[in-house]
Every structure is written in structure tokens, then in C-alpha cells.
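Residues per chain are reported as follows:
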Amino acid sequence: MAQGSVKVIRRSRQGTPRTLAIDVGGTGIKAEVLDPDGKPLDERTRVRTPKNATPRKVTRIIAELANMHGAFERVSVGFPGVLKDGVVYSAPNLGKGWSSFTLERRLAKKLKVPVRVANDADVQGLGCVSGKGLELTITLGTGFGSTLFIDGRPIHLELAHHPFHKGKTYEDELGNRALKRKGRAKWQRLLREAIGELKKAFNYDRLYIGGGNARYIGFKLPSDTRVVGNEEGLLGGIALWRDHGSHEASE
Ligand code: BGC
């Protein structure tokens with residue numbers, strides 16, 4: 001074999017395993033291929049989340065997105081609902097038919113590579129927490145995601161559907177529908193109040209705020225709180241493969 005081709009082979013192996021990181025959201029399903037350090041290897045693609053986003057429609061879109069990207073050896077999925085061992089239990093902002101859907105197994109079969117799925121706020125947090133002490137991640141998008149991390153280990157929360165304000169839940173008051181209905185000023189006042197409540201309830205060391213609507217925060221955040229960007233969230237797609245006692249489905 002010519003020396004040149006040996007070099008090429010070595011170089012192409014260095015960047016593996018490549019991860020196709022998918023984020024299933026209430027308004028869009030996004031995908032990007034990352035190198036082992038979480039650096040994007042190509043352009044992010046996005047397909048609008050269809051109305052009544054059933055398991056069939058969503059898995060079909062994920063397969064389409066996978067086809068639009070270059071090679072990858074594994075897939076990570078952040079999903080907007082409760083999951084255990086790769087099985088979905090709820091998806092309040094998607095369509096019908098998700099309860100007990102074996103998402104991880106189905107995707108591994110369709111995509112023919114190992115797949116790990118986790119709640120979207122868990123994935124976002126895994127990408128940005130320091131791994132020290134008590135850290136809370138919330139995400140502001142269609143829904144309200146929340147995950148607590150103890151020395152880097154995620155404990156999934158569903159604050160979204162808990163009472164927060166005047167009998168309304170966190171998601172009723174801070175989800176995308178609330179932002180549209182109430183306007184930015186009111187939404188920000190409520191968010192500031194929610195941050196105060198969360199601090200009292202969890203006494204976290206650090207709070208991270210992700211999700212598309214975090215960009216509308218226009219007030220000064222406490223010193224233990226910061227907004228995290230999409231790119232940091234993507235790193236969670238890599239962190240999912242570190243061992244947290246999680247499992248994976250392969251074909
Ligand atoms: C769901 C959570 C999810 C959040 C953000 C909520 O409605 O119950 O599981 O993390 O939305 O997508």
C-alpha cells in the first residue's frame with residue numbers, strides 16, 4: 001500500500017466515533033454530526049416538527065435527517081419528554097402514541113448504528129454542567145425542561161407540570177405559548193420570579209438556562225446563573241456516551 005493512502009486511513013479514523021446529535025423539539029427537529037470532542041463536522045439541519053408529531057412521523061424525519069448528513073458511527077437523541085431505558089413515557093408537546101414507545105430500539109433498527117436517547121434537558125445539562133456540586137439546568141423552548149445534577153449525575157425533573165404561579169404550572173407560565181400570549185416583558189418578570197423560587201427549592205450552586213427562548217432574557221441574572229448556547233447543549237450528545245449507568249440500543 002502506498003504511504004499516502006496509509007496516512008489518509010489514519011486521519012479518517014482519528015475523528016471517530018462521529019455522533020449524529022439530534023434534538024427533537026416542539027417546533028423543529030435538528031441534527032448535526034459531531035467529532036469525539038463535540039466539534040460540529042457539518043452544517044446543522046432542521047426540519048419543522050409536524051402537527052400531531054406521532055412516533056411514525058418523528059422517526060421518519062430522523063431517518064431523513066440522518067440521510068442528509070455524512071458518515072457517523074452512533075446517534076444521540078434529546079427528546080422532549082420522560083424516558084426510561086430508551087422507552088418514552090410522555091411527550092406533552094408532540095402528538096399521540098408515544099406512551100411506551102421503544103424509541104431507542106426503533107431508531108437503532110432504522111439507522112443501523114447504536115443509539116442513545118435521553119430527555120432534552122438532561123442532554124442540554126450533560127453538555128454544560130461543571131460536574132461539581134448541585135447544578136440545575138432549565139430549558140426555555142416550547143416546553144420547560146428541568147434536570148438537577150449532583151456532581152454531574154443527572155436527576156431528571158418534570159417541573160414543567162408542577163404548580164408555579166396562581167395555580168398555573170411552570171410550562172403554562174414560561175413555555176413558548178406563554179411567551180407569545182403574555183409578551184416578553186411579562187414573561188421575563190415571571191422568569192425572574194421562577195429563578196427565585198427554584199433557588200429557594202433547590203439551593204443549587206449553579207443554574208444553567210438553555211433552549212431557544214433563553215435569548216429573550218434581557219435582565220441581569222444572578223452571579224450563579226448563566227445562559228448556555230446551542231453548541232454547549234450539543235456537547236451533551238457526546239456526554240451521553242460517557243457512562244452514567246445508561247444503556248444503548250443497537251440493531
Ligand atoms: C416535558 C419535559 C421536557 C420539556 C422541554 C416538558 O413539557 O414534560 O420532559 O424536558 O417539556 O422539552
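All residue numbers here refer to positions counted from 1 along the written sequence of the relevant chain. In view of the model being predicted, local features appear only for residues whose pLDDT reaches at least 70, and side-chain atom pairs are presented and counted only at 80 or more, with totals across whole chains, interfaces and linings using the full set of residues. Only hydrogens and water are set aside when side-chain values are computed; all heavy atoms of the structure are taken into account.

## What to know about the sheet that holds strand 2 (residues 28-34)
For step 1, the next point in the chain: Pairs of strands are assigned from DSSP output, requiring at least two bridges between the strands. Helix and strand definitions follow DSSP, with helices as H or I runs of at least four residues and strands as E runs of at least two, each counted in order from the N terminus. Read from one edge of the open sheet, five strands run 3-2-1-4-7, paired in mixed fashion. For this open sheet the edge positions go to strand 3 (45-48) and strand 7 (115-119), each flanked by a neighbour on one side alone. Mean inter-strand twist for the sheet, computed between neighbouring axes without regard to direction, equals 15 degrees.
For step 2, the next point in the chain: Where strand 4 (residues 74-79) lies against strand 7, five bridges are found, and the strand directions are parallel. What sits directly across from Phe 79, in strand 7, is Asn 119. Note on method: axes are straight lines fitted to C-alpha atoms, helices fitted across the in-contact stretch only, with angles between N-to-C directions ranging 0 to 180 degrees.

## Describing the packing of helix 2 (residues 55-68) against helix 3 (residues 103-111)
For step 1, the next point in the chain: Orientation of helix 2 relative to helix 3, taken along the N-to-C sense of each, is 40 degrees, at an axis distance of 11 Å. On the basis of their axis angle, the class for helix 2 and helix 3 is oblique. Crossing geometry of helix 2 relative to helix 3 is assigned as right-handed. Contacts from Thr 59, Arg 60, Ile 62, Ala 63 and Ala 66 of helix 2 reach helix 3 at Leu 103, Leu 107, Lys 110 and Leu 111.
For step 2, the next point in the chain: Here the contact of helix 2 with helix 3 is composed, by residue class, of six nonpolar, one polar and two charged. Oblique is the label for any angle not under 35 degrees, not over 145, and not in the 65 to 115 range, which are roughly parallel, roughly antiparallel and roughly perpendicular in turn. We call a crossing left-handed when the near helix sits turned anticlockwise from the far one by less than a right angle, and right-handed when that turn is clockwise. Contact between two residues is taken to exist if any of their heavy atoms lie within 4.5 Å; hydrogens are not considered. Ten residues, namely Ala, Val, Leu, Ile, Met, Phe, Trp, Tyr, Cys and Pro, are considered nonpolar, four, namely Asp, Glu, Lys and Arg, are considered charged, and the remaining ones, Gly among them, are considered polar.

## Regarding the site of the ligand
For step 1, the next point in the chain: Any residue with a heavy atom lying within 4 Å of a molecule or strand is counted as near it. Close contacts around the ligand come from 13 residues, with Asn 119, Asp 120, Glu 158, His 161 and Glu 171 the closest.
For step 2, the next point in the chain: Any N or O atom pair separated by 3.5 Å or less is treated as a polar contact, with the protein-specific requirement of one donor-capable and one acceptor-capable atom, and with residues adjacent in sequence counted only for side-chain atom pairs. Between an oxygen atom of the ligand and a side-chain N or O atom of His 161, the distance comes to 2.8 Å.
For step 3, the next point in the chain: Broken down by class, the residue content of the shell around the ligand amounts to four nonpolar, six polar and three charged.
For step 4, the next point in the chain: Here the shell around the ligand gathers at least three residues from each of two domains, domain 1 (19-120) and domain 2 (129-227). Here the bounds of each domain stem from an automatic or database domain assignment.

## Some thoughts on the nonpolar core
For step 1, the next point in the chain: Ranked by internal contacts, the top residues of the largest apolar core, which has 31 residues, are Ile 22, Val 24, Val 75, Phe 79, Trp 98 and Leu 103.
For step 2, the next point in the chain: Counting residues per element, the ones that place at least two in this core are strand 1 (19-24), strand 2, helix 2, strand 4, helix 3 and strand 7.
For step 3, the next point in the chain: The leading source of residues in this core is helix 2, at six residues.
For step 4, the next point in the chain: Contacts of Leu 103, omitting those with residues within four sequence positions, involve Thr 59, Phe 79, Leu 83, Gly 86, Val 88, Trp 98 and Val 117.
For step 5, the next point in the chain: As used in this record, nonpolar core signifies buried Ala, Val, Leu, Ile, Met, Phe, Trp, Tyr and Cys residues forming a set joined through side-chain atoms within 4.5 Å. Relative accessibility thresholds used throughout: buried, under 20% of the residue-type maximum; exposed, over 50%; partly exposed, between the two (1.4 Å probe, protein chains only). Ranked by size, the runner-up nonpolar core spans 26 residues in total, among them Leu 140, Leu 174, Leu 191 and Ala 214.

## Considering the packing of aromatic side chains
For step 1, the next point in the chain: Only Phe, Tyr and Trp rings are paired, with Trp represented by its six-membered ring, and only when their centres lie within 6.5 Å; those with planes under 30 degrees apart are stacked, over 60 edge-to-face, the remainder tilted. Going through the model one piece at a time under the given rule, you end up with four aromatic pairs.
For step 2, the next point in the chain: Where Trp 98 meets Phe 101, the ring centres are 5.4 Å apart and the plane angle is 85 degrees; that geometry is what we call edge-to-face.
For step 3, the next point in the chain: Between Phe 164 and Tyr 170, the aromatic rings sit 4.7 Å apart at their centres with planes inclined by 20 degrees, giving stacked as the arrangement.
For step 4, the next point in the chain: A relative accessible area of 7% means that Tyr 170 is categorised as buried.

## Some words on unusual backbone geometry
Negative phi values dominate among residues other than glycine, just as trans dominates among peptide bonds.
For step 1, the next point in the chain: In this model, Thr 16 is joined to Pro 17 through a cis peptide bond whose omega is 0 degrees.
For step 2, the next point in the chain: Here Pro 17 lies in the loop between helix 1 (3-14) and strand 1.
For step 3, the next point in the chain: Residues other than glycine seldom take positive phi values, yet Ser 100 does so here, at roughly 70 degrees.
For step 4, the next point in the chain: Relative to the elements of secondary structure, Ser 100 occurs in the loop between strand 6 (87-88) and helix 3.
For step 5, the next point in the chain: The class of Ser 100 is partly exposed, set by a relative accessible area of 47%.
For step 6, the next point in the chain: Despite not being glycine, Lys 112 has its phi angle at roughly 60 degrees, a positive value.

## Some details on the side chain of Asn 119
For step 1, the next point in the chain: Checked against the element boundaries, Asn 119 lands in strand 7.
For step 2, the next point in the chain: By relative accessible area, Asn 119 is classed as buried at 5%.
For step 3, the next point in the chain: One polar contact links the side chain of Asn 119 to the main-chain amide nitrogen of Ala 121, over a distance of 2.8 Å.
For step 4, the next point in the chain: Excluding residues that lie within four positions of it along the chain, Asn 119 makes contacts with Phe 79, Gly 81, Leu 83, Thr 147, His 156 and Glu 158.

## Section: the pattern of salt bridges
For step 1, the next point in the chain: The working definition used for a salt bridge is a side-chain nitrogen of Lys or Arg within 4 Å of a carboxyl oxygen of Asp or Glu. Applying the stated criterion across every chain yields a total of nine salt bridges.
For step 2, the next point in the chain: We note a salt bridge from Arg 44 to Glu 32, for which the minimum N-O separation is 3.5 Å. Linking Arg 44 in the loop between strand 2 and strand 3 with Glu 32 in strand 2, this pair joins segments that are twelve residues apart in sequence.
For step 3, the next point in the chain: Exposure remark for Glu 32: the relative accessible area of 5% places this residue in the buried category.

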